[in-house]
Amino acid sequence: MLCLGIESTAHTFGCAVVDEKGKILSDARAVYRAPEGKGIHPREASRHHTEASHYVLKEALEQAGASMKDIDMVGYSAGPGLGPCLRVGAVVARTVAGYYKKPLVPVNHAIGHIELGTVLTSSSDPLVLLVSGGHTMILVFLEKRWRVFGETLDITIGQLLDQFGRAMGFASPCGGRIEQLALESSGEYLHLPYVVKGNDVSFSGMLTAAIKLASTRGVADVCYSLQETSFAMLAEVVERALSFTGKKEMMIVGGVSANGRLAQMLEMACERQQSRFFACPIKYAGDNGAQIAWSAMMDYRKTKKAVKIPDAFVTQSWRLDSVDVAWR
């Protein structure tokens, strides 16, 4: 069986073909690049996705050596995400599924991150840290749903990095630039607010303090301190969740999982709790069509449920802990 996955929640329009064993046969993407110092403008990003959709879809099929007649089902990211961007992916999915008479399967984008991560890392029952521009959550699977053990109380870790970076004049996404500057810093730690409440975290005060600090101190040292503080907060709540749940596996997924320093801190926390550490491969840490294709494949194989073309909507705020995961 082959599934075509279409991803369009934010800056990336991606298409991929995956088989029933989880093998990624193709992975084509086009990424909207915001001007320096600016964030993603939903309307501009959706225009980019519209213009890129035809050649990204064509490239994905060519990479897989398949045509739409070979595809058994179509999955699309139905949320959460930016409304204008989500609608582009949904329109493309409805069009190809309707024209070629293929089952159409809506996928929660966040669950896509997790499920692709588990198949790529061969983890079985991990405690998950989902960190991206749209999510900062600690999750455990229980009774057919991913349950939240902790999350951000305001902005996500991805928003912290991007908003600070934009204030410094960097182009979004800013995580990679901040990580590089942190490595180039003197290593002097500058005090920033550290806010952990139970197993939840708060980053908005840190953002304000970091921007103010950058006006008087070197940007590289602020980047270093920003990473050290925010990542230590995440490592603390993850370690507490590991201790509470007794999980022997821990996996990090999402775009921010590409950061080497965060992975290093989490790996140390896992060692203390005698848990195995897994990180989604950097190539698939960010948004991509493969995560949508694999989740749609598993969902449809288990439930045989698909949506009718007129009912294939998108939901900008679709929490993953509201979704039944029948295939686990």
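These figures come from a predicted structure and were not determined experimentally.

The next point concerns the nonpolar core. Counting residues in each nonpolar core, the largest one holds 41 residues, and the members touching the most others are F164, F203 and M250. Those elements that provide at least two residues to this core are β6 (127-131), β7 (136-142), α4 (157-167), α5 (175-184), α6 (204-213), α7 (219-245), β11 (249-253) and α8 (260-272). When residues of this core are assigned to their parent elements, the largest contribution, 11 residues, is made by α7. Residues A16, V18, I24 and V323 belong to the second largest nonpolar core, which totals 34 residues.

This paragraph deals with the sheet that holds β6. Pairing between sheet strands relies on hydrogen bonds along the backbone, with the strands arranged either parallel or antiparallel. Here we have five strands laid out as an open sheet, ordered β8-β7-β6-β11-β12, and mixed in their pairing. Two strands bound the open sheet, and with one partner strand each, they are β8 (145-151) and β12 (276-279). Each adjacent strand pair in this sheet contributes to an overall mean axis angle of 25°, direction not counted. In the sheet, β11 pairs with β12 via four bridges, with the strands oriented parallel. Looking at the pairing, M250 lines up with F277 of β12.

A few words now on the pairing of strand β2 (residues 12-19). Most of β2 sits out of view: eight of its eight residues are buried. Because side chains alternate across β2, one face comprises the buried residues T12, G14, A16 and V18, and the other comprises F13, C15, V17 and D19, equally buried. Sheet topology note: the strand β1 (residues 2-7)/β2 ladder contains six bridges and is antiparallel. Across the sheet, L4 pairs through a bridge with V17, a residue of β2. The loop that links β1 with its antiparallel partner β2 comprises four residues. Taken together, β2 and the strand that follows it, strand β3 (residues 24-31), pair antiparallel across an intervening segment of four residues, in which G22 is found at a positive phi of about 90°.

Quick notes on the rules
- Throughout, residues of each chain are indexed from 1 in the direction in which the sequence is written.
- For a predicted model such as this one, the threshold for reporting local features is a pLDDT of at least 70, and the threshold for listing and counting side-chain atom pairs is 80 or more; totals across whole chains, interfaces and linings nevertheless cover every residue.
- Think of the side-chain values as coming from all heavy atoms in the structure, minus any hydrogens and water.
- Throughout, nonpolar core names a set of buried Ala, Val, Leu, Ile, Met, Phe, Trp, Tyr and Cys residues whose side chains join them through atoms within 4.5 Å.
- Residue exposure (1.4 Å probe, protein chains only): buried if accessible area is under 20% of the type maximum, exposed if over 50%, otherwise partly exposed.
- Numbered from the N terminus, helices here are DSSP runs of H or I no shorter than four residues, and strands are runs of E no shorter than two.
- Strand pairing is assigned whenever DSSP identifies at least 2 bridges connecting the two strands.
- Note on geometry: axes are lines fitted to C-alpha atoms, helical ones only across the stretch in contact, with angles between N-to-C directions running from 0 to 180 degrees.

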